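# Analysis of the macromolecular model
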Amino acid sequence: MTGLVSTLRVLAVAAATLLAVTAAAPVAQAEPEPKAPEEFVALRSLDPTIIQEMRYPTAHNFMGVPVDGYRQPVCILTRPAARALHRAQTRLLKQGYSLKVYDCYRPQRAVDHFVRWAKDLDDETMKGEFYPRVDKAQLFAGGYIAGKSGHSRGSTVDLTLVKLPAAPTGRYLPGQKPVPCYAPEADRFPDNSVDMGTGYDCFDTLSHTDDPRIQGTQRANRQFLKKTLTDAGFVNLAEEWWHYTFKPELFPDTYFDFPVARRSVAGH
């Protein structure tokens with residue numbers, strides 16, 4: 001019995017020592033998420049009428065999965081860019097149209113996700129819709145994917161036009177049969193925007209804003225969008241009819257990495 005008592009006493013002392021060491025050890029703290037500078041705002045806070053169909057928090061994009069860093073489907077921009085979109089929207093509403101944004105500020109971690117995906121040549125889940133005629137191994141050389149994006153600076157937006165009253169947009173079901181993004185409007189994904197000749201994020205030269213093969217109503221729609229946004233202070237990227245940057249940029253040399261979430265701009 002004496003031996004048993006001694007053993008129990010030793011175990012109790014060891015347990016108390018372990019508890020004391022554990023209590024004294026510093027508790028690992030998770031790194032707090034970075035927040036946006038005060039110059040960033042949620043677009044909806046300045047103009048709730050602009051339609052938002054944020055693609056990258058969903059699986060309906062060229063990778064086929066939600067993109068890193070997109071926590072919520074919210075458009076975040078620098079305040080001057082958001083105000084300029086509001087001015088353009090005010091003008092468009094009087095003409096029976098609305099802007100619709102697909103992507104706004106994009107964190108660097110999302111761009112890094114794009115790069116990892118582009119290097120995985122076995123993953124061609126969304127090739128049939130977004131890059132049917134492009135060899136995935138050529139996405140970097142073709143300028144479709146890069147290690148840095150102007151979106152990460154906060155003044156670039158991907159957008160289109162919607163004729164009012166807006167019809168409902170289609171519902172994307174993962175695994176559904178893909179239709180090429182350059183197919184006739186009646187055949188490709190049922191986006192509720194006006195016909196721009198290709199869908200959004202179409203990796204094809206037909207997406208070049210002034211591609212001569214785009215004519216008629218499609219060309220007129222692209223030019224209407226371009227003139228409206230140019231008048232509001234935006235500059236178009238010639239290779240993508242949907243891509244516009246407000247100039248001058250507040251942060252021309254800074255690539256941010258705060259997540260796309262309402263809390264990133266809370267109180268701004």
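Residues numbered from 1 in each chain as written. Predicted model: local features only at pLDDT ≥ 70, side-chain atom pairs only at ≥ 80, totals over all residues. Heavy atoms only, no water.

## Quick notes on the overall build of the chain
The following threshold applies: By definition, any uninterrupted DSSP run of H or I lasting at least four residues is a helix, any uninterrupted run of E lasting at least two residues is a strand, and each is numbered from the N terminus. Using a 1.4 Å probe on the protein chains alone, a residue whose accessible area is under 20% of its type maximum counts as buried, one over 50% counts as exposed, and one in between counts as partly exposed. By the convention used here, residues are in contact when the closest approach between their heavy atoms is within 4.5 Å. With residues, only the protein chains shown are counted as cover, and all accessible areas are computed by Shrake-Rupley using a 1.4 Å probe.
Regarding its fold elements, the chain presents six helices and seven strands. Going from the N terminus to the C terminus, the chain shows its helices and strands as α-β-α-β-β-α-β-α-α-β-α-β-β. A total of 268 residues make up the chain; the buried ones form 47% of that total. Pairs at least 24 apart in sequence give 75% of the contacts found in the chain among residues at least 6 apart. A total of about 13,500 Å² of accessible surface is found on the chain, and carbon and sulfur atoms cover 59% of it.

## Here's the deal with a negative patch on the surface
Defined as follows: Every patch collects residues that have over 30% relative accessible area and no salt bridge, joining them within 9 Å if they carry like charges and within 5 Å if they are nonpolar side chains (Val, Leu, Ile, Met, Phe, Trp, Tyr). The rule for a salt bridge is simple: a side-chain nitrogen of Lys or Arg has to be within 4 Å of a carboxyl oxygen of Asp or Glu. In this count, Lys and Arg are taken as positive residues and Asp and Glu as negative ones, while His and the chain termini are left out. Charge positions come from single atoms, namely NZ of Lys, CZ of Arg, CG of Asp or CD of Glu.
A cluster of acidic residues, Asp120, Asp122, Glu124 and Asp135, forms a negative patch on the protein surface. With respect to the secondary-structure elements, Asp122 resides in the loop between helix H4 (108-119) and helix H5 (127-130).

## Quick look at the packing of helix H3 (residues 79-93) against helix H6 (residues 216-231)
This is how the line gets drawn: With axes taken as lines fitted to C-alpha atoms, and helix axes fitted only over the stretch in contact, angles between N-to-C directions fall between 0 and 180 degrees. Should an angle lie under 35 degrees it is considered roughly parallel, over 145 roughly antiparallel, and from 65 to 115 roughly perpendicular; all remaining angles are considered oblique. Take the far helix as your reference; a near helix turned counterclockwise from it by less than a right angle gives a left-handed crossing, and one turned clockwise gives a right-handed crossing. For this classification, the nonpolar set comprises Ala, Val, Leu, Ile, Met, Phe, Trp, Tyr, Cys and Pro, the charged set comprises Asp, Glu, Lys and Arg, and every other residue, Gly included, is treated as polar.
It is the contact of H3 with H6, at a shortest axis distance of 9 Å, that shows an interaxial angle of 130 degrees. Between H3 and H6, the angle is such that the two are oblique. In this structure, H3 crosses over H6, and the sense of that crossing is right-handed. The segment H3 lies against H6, with Leu85, Ala88, Arg91 and Leu92 engaging Phe224, Lys227, Thr228, Leu229 and Asp231. When grouped by side-chain class, the residues that make up the contact of H3 with H6 number five nonpolar, one polar and three charged.

## Quick look at the sheet that holds strand E2 (residues 51-52)
Cut-off, in case you're wondering: Pairing between two strands requires that DSSP report at least two bridges joining them.
The five strands lie next to each other as E2-E4-E5-E7-E6, forming an open sheet whose pairing is mixed. Each having just a single partner strand, E2 and strand E6 (234-236) make up the two edges of the open sheet. Direction of pairing for strand E4 (residues 97-103) relative to strand E5 (residues 156-163): antiparallel, over a ladder of six bridges. The residue of E5 that forms the bridge with Asp103 is Asp158.

## Re the pattern of salt bridges
Tallying each qualifying case throughout the model produces 18 salt bridges. Taking the shortest distance from any N to any O, the salt bridge between Arg133 and Asp204 comes out at 2.9 Å. Pair noted here: Arg133 is in the loop between H5 and E5 and Asp204 is in the loop between E5 and H6, with a separation of 71 residues, a long-range link. Classification of Asp204 as buried rests on a relative accessible area of 5%. Here Arg188 and Asp195 are joined by a salt bridge, their closest N and O atoms 2.6 Å apart. Counted as one network, the salt bridges with shared partners bring together Glu33, Arg71, Arg109 and Asp257.

## A look at H6
To keep things clear, this is the line we draw: A helix is expected to span 1.5 Å multiplied by its residue count minus one. This arc is built from the directions going out from the helix axis to the C-beta atoms.
The end-to-end C-alpha distance of H6 is 22 Å, a good match for the 22 Å that 16 residues give at a rise of 1.5 Å each. Within the sequence span of H6, burial applies to Asn221, Arg222, Leu225, Thr228 and Leu229. Seen along its axis, H6 keeps its buried residues to an arc of 135 degrees; they face one direction. Close packing links the buried residues of H6 with H3, E4, E5, E6 and strand E7 (243-246). In the segment just after H6, Gly233 is the residue with positive phi, at about 105 degrees.

## Here we look at H4
Between its first and last C-alpha atoms H4 spans 17 Å; for 12 residues at 1.5 Å apiece the expected length is 16 Å, and the two agree. Among the 12 residues in H4, nine count as buried, and that is most of the element. Along H4, the residues classified as buried are Gln108, Arg109, Ala110, Val111, His113, Phe114, Val115, Trp117 and Ala118.

## Comments concerning the layout of surface pockets
This is how it is decided: Definitions used throughout: a 1 Å grid over protein atoms alone; a cavity as a set of points that fits a 1.4 Å probe which cannot get out; a pocket as an open set with protein on both sides within 12 Å along at least five of seven lines; a lining residue as one with an atom within 4 Å of a point. Grid points are joined across faces, edges and corners, and a volume is the space filled by probe spheres set on the points.
By volume, the largest pocket amounts to about 330 Å³. In terms of lining residues, the largest pocket is bounded by 20 residues, among which Arg106, Gly143, Tyr144, Ser149 and Glu240 are the most central. Across the lining of the largest pocket, the residue classes break down as 10 nonpolar, five polar and five charged. By volume, the second largest pocket amounts to about 220 Å³. Arg188, Phe189, Asp191, Gly199 and Tyr200 are, among the 20 residues lining the second largest pocket, the residues nearest its centre. Its residues placed into classes, the lining of the second largest pocket shows 10 nonpolar, four polar and six charged.

By themselves these figures say nothing about function.
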